[in-house]
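# Report on the structure
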Amino acid sequence: MLTASDCDRLRECAGVGCGWFFLDFSRNRSRRWCDMEDCGNRAKANRHYDRKQKK
Ligand SMILES: [Zn+2]
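All of these numbers come straight from a predicted model, not from anything done at the bench.

The subject of this paragraph is the overall build of the chain. A tally of helices and strands in the chain yields two helices and two strands. Starting at the N terminus, the α and β elements of the chain follow one another as α-β-β-α. Here the contacts in the chain between residues at least 6 apart in sequence split such that 6% fall between residues at least 24 apart. Summed over all atoms, the accessible surface of the chain reaches about 4700 Å², with 52% contributed by carbon and sulfur.

So, in structure tokens, the structure goes:
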């Protein structure tokens, strides 16, 4: 069960096409992805790719 404080930490993953929800237990709530190793890395790779494409 989720408590009210847990709901406050519920966030949607910023990963493109992911849409996963996760609980952000980081101290400053700066977490953006459900999995840093997966969506986090993919987001960084995409950003790098976009920058290259525009030039
Ligand atoms: Zn994700």
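A few words now on unusual backbone geometry. Positive phi, close to 50 degrees, is recorded for R29, a residue that is not glycine. When you line up the elements, R29 lands in the loop between β2 (21–23) and α2 (36–54). On the basis of relative accessible area, R29 is assigned to the partly exposed category, the value being 35%.

Now for the coordination of the zinc ion. Distances from the zinc ion to its protein donors, C13 (SG), C18 (SG), C34 (SG) and C39 (SG), fall at 2.3 Å. The coordination sphere of the zinc ion comprises four donor atoms, whose angles at the metal cover 104 to 115 degrees; the geometry is tetrahedral. Mapped onto the polypeptide sequence, the residues donating to the zinc ion form the spacing pattern C-x4-C-x15-C-x4-C. With C13 in the loop between β1 (10–12) and β2 and C39 in helix α2, this pair connects stretches of sequence that are 26 residues apart. The two residues C13 and C39 agree in class, both being buried.

Side-chain pairs of opposite charge can arise where the charged atoms are in close proximity. Tallied over the entire structure, the rule returns three salt bridges. In this structure, the salt-bridge partner of R29 is D8, at a minimum N-O distance of 2.7 Å. In this pair, R29 sits in the loop between β2 and α2 while D8 sits in helix α1 (residues 4–8), placing the two residues 21 residues apart along the sequence. With its nearest N and O atoms 2.5 Å apart, the salt bridge here joins R42 to D38. Taken together, the residues R42 and D38, both in helix α2 and four residues apart, mark about one turn of the helix.

The rules behind these values
Residues numbered from 1 in each chain as written. Predicted model: local features only at pLDDT ≥ 70, side-chain atom pairs only at ≥ 80, totals over all residues. Heavy atoms only, no water. Helix = DSSP H or I, 4+ residues; strand = E, 2+ residues; numbered from the N terminus. Contact = heavy atoms within 4.5 Å. Areas by Shrake-Rupley, 256 points an atom, 1.4 Å probe, with all protein chains shown as cover. Buried < 20%, exposed > 50% of the residue type's maximum accessible area, 1.4 Å probe, protein only. Donors = N, O, S within 2.8 Å, 3.2 Å for Na, K, Ca; no water. Tetrahedral: all angles 85-135°; square planar, octahedral: opposite > 155°, others 65-115°. Salt bridge = Lys/Arg side-chain N within 4 Å of Asp/Glu carboxyl O.

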